[in-house]
Number of protein chains: 2
Amino acid sequence: MPAPADHDARRTELADLAAELIAREGLDALSIRRLAAATGYSTTVVTHYFETKRALLLAVYRACADRAQARVDAAIARDPADLVGCLAAFLPIGAEARRDWRVNFAFWQVALHDQGFAEEQRWWTRHATETIAAIMAGAGGDAELLLTLAEGIAVRAAFEPDWTDERQRDFLRGQLERVAPGRLAHVSDPQ
Amino acid sequence: MPAPADHDARRTELADLAAELIAREGLDALSIRRLAAATGYSTTVVTHYFETKRALLLAVYRACADRAQARVDAAIARDPADLVGCLAAFLPIGAEARRDWRVNFAFWQVALHDQGFAEEQRWWTRHATETIAAIMAGAGGDAELLLTLAEGIAVRAAFEPDWTDERQRDFLRGQLERVAPGRLAHVSDPQ
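For the structure given in this document, a descriptive report is provided here. What you see is a predicted model; the values in this text were computed from it and never measured. (Residues numbered from 1 in each chain as written. Chains lettered and ligands numbered in written order. Predicted model: local features only at pLDDT ≥ 70, side-chain atom pairs only at ≥ 80, totals over all residues. Heavy atoms only, no water.)

Let's talk about the overall build of chain A
Here's step 1: Per the secondary structure count, chain A includes nine helices and zero strands.
Here's step 2: Listing the helices and strands of chain A from first to last along the sequence gives α-α-α-α-α-α-α-α-α.
Here's step 3: Scaling as 2.2 N^0.38, a compact globule of 191 residues should have a C-alpha radius of gyration of about 16 Å, and chain A matches this with 18 Å.
Here's step 4: Taken over the C-alpha atoms alone, chain A extends approximately 60 × 35 × 30 Å along its principal axes.
Here's step 5: For chain A, buried positions account for 53% of its 191 residues.
Here's step 6: When the accessible surface of chain A is totalled, it reaches about 8500 Å², and 54% of it is carbon and sulfur. (Helix = DSSP H or I, 4+ residues; strand = E, 2+ residues; numbered from the N terminus. Rg over C-alpha atoms; globule rule 2.2 N^0.38 Å. Buried < 20%, exposed > 50% of the residue type's maximum accessible area, 1.4 Å probe, protein only. Areas by Shrake-Rupley, 256 points an atom, 1.4 Å probe, with all protein chains shown as cover.)

Let's talk about the interface of chain A and chain B
The figure often quoted for interface size is the accessible area lost as the parts come together.
Here's step 1: Of the residues lining the interface, 41 residues belong to chain A; the matching set on chain B comes to 41 residues.
Here's step 2: Regarding the contact of chain A and chain B, the summed buried area is about 3200 Å², with carbon and sulfur atoms giving 65% of it.
Here's step 3: Between Glu144(B) and Arg167(A) there is a salt bridge whose closest N-O contact spans 3.6 Å.
Here's step 4: Put simply, chain A and chain B have 14 residue pairs in polar contact (both at pLDDT 80 or more) between them.
Here's step 5: Put simply, the parts of the chain that give the side of chain A that touches chain B at least two residues each are helix 1 (4-25), helix 6 (95-111), helix 7 (115-136), helix 8 (143-159) and helix 9 (165-179) of chain A.
Here's step 6: Of the residues forming the side of chain A that touches chain B, the biggest block, twelve residues, is contributed by helix 8 of chain A. (Contact = heavy atoms within 4.5 Å. Buried area = accessible area lost by both parts, 1.4 Å probe. Salt bridge = Lys/Arg side-chain N within 4 Å of Asp/Glu carboxyl O. Polar contact = N/O pair within 3.5 Å; in protein donor to acceptor, adjacent residues only side chain to side chain.)

Details of the side chain of Thr129(B)
Here's step 1: Counting through the fold element by element, Thr129(B) comes out in helix 7 (residues 115-136).
Here's step 2: Since its relative accessible area comes to 13%, Thr129(B) is described here as buried.
Here's step 3: Sequence-distant contacts of Thr129(B), that is, excluding residues within four places in its chain, are made with Arg156(A), Ala143(B), Glu144(B) and Leu147(B).

Considerations on the packing of aromatic side chains
Here's step 1: Applying the stated criterion to the full structure yields 18 aromatic pairs over all chains.
Here's step 2: Look at Trp163(A) and Phe171(A): their rings are 5.0 Å apart centre to centre, the planes differ by 65 degrees, and that puts the pair in the edge-to-face class.
Here's step 3: Judged by its relative accessible area of 0%, Trp163(A) is buried.
Here's step 4: Measuring from ring centre to ring centre gives 4.5 Å for Phe107(B) and Phe117(B), while their planes differ by 10 degrees; the resulting arrangement is stacked. Placement of Phe107(B) in helix 6 (residues 95-111) and of Phe117(B) in helix 7 is noted, with a sequence separation of ten residues between them.
Here's step 5: The class of Phe107(B) is buried, set by a relative accessible area of 0%.
Here's step 6: On the basis of relative accessibility, which here comes to 1%, the residue Phe117(B) falls in the buried class.
Here's step 7: Taken together, the ring pairs in this structure connect Trp101(A), Phe105(A), Trp108(A), Phe159(A), Trp101(B), Phe105(B), Trp108(B) and Phe159(B) into an aromatic cluster. (Phe/Tyr/Trp six-rings, centres within 6.5 Å; stacked < 30°, edge-to-face > 60°.)

Remarks on the relation of the copies chain A and chain B
Here's step 1: Between chain A and chain B, which share one sequence, the superposing operator has a rotation angle of 180 degrees and an axial displacement of 0.0 Å; the RMSD is 0.0 Å. Both copies of the chain, as the preceding transformation shows, are related through a two-fold rotation axis. Minimal C-alpha separation from the rotation axis in chain A is found for Gly152(A), amounting to 1.9 Å.
Here's step 2: Comparing contact sets, 100% of the residues at the interface of chain A also lie at the interface in chain B, consistent with an isologous, same-surface contact. (Least-squares fit on C-alpha atoms with pLDDT ≥ 70 in both.)

Regarding the layout of surface pockets
It is a probe the size of a water molecule, rolled over the atoms, that shows where empty space is left.
Here's step 1: The computed volume of the largest pocket comes to approximately 480 Å³.
Here's step 2: Every residue lining the largest pocket is counted, 20 residues in all, and those nearest its centre are Asp28(A), Gln109(A), Leu27(B), Asp28(B) and Gln109(B).
Here's step 3: Considering each element in turn, the lining of the largest pocket owes the most residues, three residues, to helix 4 (residues 53-78) of chain B. (1 Å grid on protein atoms, 1.4 Å probe; cavity = no way out; pocket = protein on both sides within 12 Å on 5 of 7 lines; lining within 4 Å. Points joined across faces, edges and corners; volume = space filled by probe spheres on them.)

With respect to the side chain of Thr148(B)
Here's step 1: Among the structural elements, Thr148(B) can be located in helix 8 (residues 143-159).
Here's step 2: Residue classification places Thr148(B) among the buried residues on the basis of a relative accessible area of 0%.
Here's step 3: Ignoring sequence-local partners within four residues, the contact set of Thr148(B) consists of Leu149(A), Gly152(A), Ile153(A), Arg156(A), Trp163(A) and Phe171(A).

Things to note about the pattern of salt bridges
All names here are of chain B.
Here's step 1: Under the criterion given, the structure shown has 40 salt bridges over all chains.
Here's step 2: The residue Arg-71 makes a salt bridge to Asp-100 at a minimum N-O spacing of 3.9 Å. Of this pair, Arg-71 sits in helix 4 while Asp-100 sits in helix 6, and the two are 29 residues apart along the sequence. Across this residue pair, the class does not change: Arg-71 and Asp-100 are buried.
Here's step 3: Arg-169 is the partner of Glu-166 in a salt bridge, and the nearest nitrogen-oxygen pair spans 3.9 Å. Taken as a pair, Glu-166 and Arg-169 lie in helix 9 (residues 165-179) at a separation of three residues, close to a single helical turn.

Looking at the environment of Val60(B)
All names here are of chain B.
Here's step 1: Residue placement: Val-60 occurs in helix 4.
Here's step 2: In this structure Val-60 comes out as buried when scored by relative accessible area, which is 1%.
Here's step 3: Sequence separation between Val-60 and Ala-15 is 45 residues; the distance between their C-alpha atoms is 5.3 Å.
Here's step 4: When sequence neighbours within four positions are dropped, the list of residues in contact with Val-60 reads Ala-15, Ala-18, Ala-19, Ile-22 and Val-103.

Put into structure tokens, the structure is as follows:
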């Protein structure tokens, strides 16, 4: 029996590879069998970690949400006054975030017909709204507006190549200048 | 051989039923066989109209986009100065629009991995941006912002029951007051 640390590492490895598969080929490409083939583990091993495709997708979605939260936390730790930098961390900017947003799209498709997934989506939406509200505290911004804009930007960036990282950041900065004029501490350009 | 009018009517009937199926059960539920069973036509008849599931989904998406355009055109015909009413016609407000937005979600899922579908999505996005720009002409509004907001509102309304028709309209009105202050001709409440 593997040590707990190995167990967690393998679970993460499997969820990561599943995210890659979904992002590259879509949800239909994801199966326990396919994941087993991609990792070299047996289906028995994979099912030990994820009993069903649904459990696997939920784990992948949560891992994506956790990574988004980690990007936001890192931006806040870097400079909490950098509103553009902190909020840009929610957007599909950079390879990791772009990949993870493709997983979100796949998850949504299921969540439209699955109450448990829809509840999960709502939980993260509330959580993100609270995080944005904390980032904007004192800047008079509207967290609901910014989250709604972030969802819209993600949709556009998914299909329109001219919604580059740079354009997403500029668009966000333009909106922040409108909703919180004079409160942008920096012309942000996070690493 | 059926007359052209019958042909068009049957094609529309099939695409409509397919939209219902996708909205209610998801894209996986859609198949030529299933559609045939639901309509009482043979699969041979259905394949006469839509050779593949892909062709069917494309037709369903276009029908949804056409209905959205028709809602917008009707709002413009009613009162072109009613900015809230004209732009609200893009949103998942009302049963038909909510259903059609669920089809959009299904289409996106495929468009992420299908260049032809992605191009179709871009075409409609450009078209909608131009329509919004025309609606806002003279009001100083930003069509890109409003379209991006509409996409974000649609995502939220898909999962959060408290994004009612009323709340979507209020949210839109609030943003319009911000981007085009003093230009809202009416407190809009379209029928």
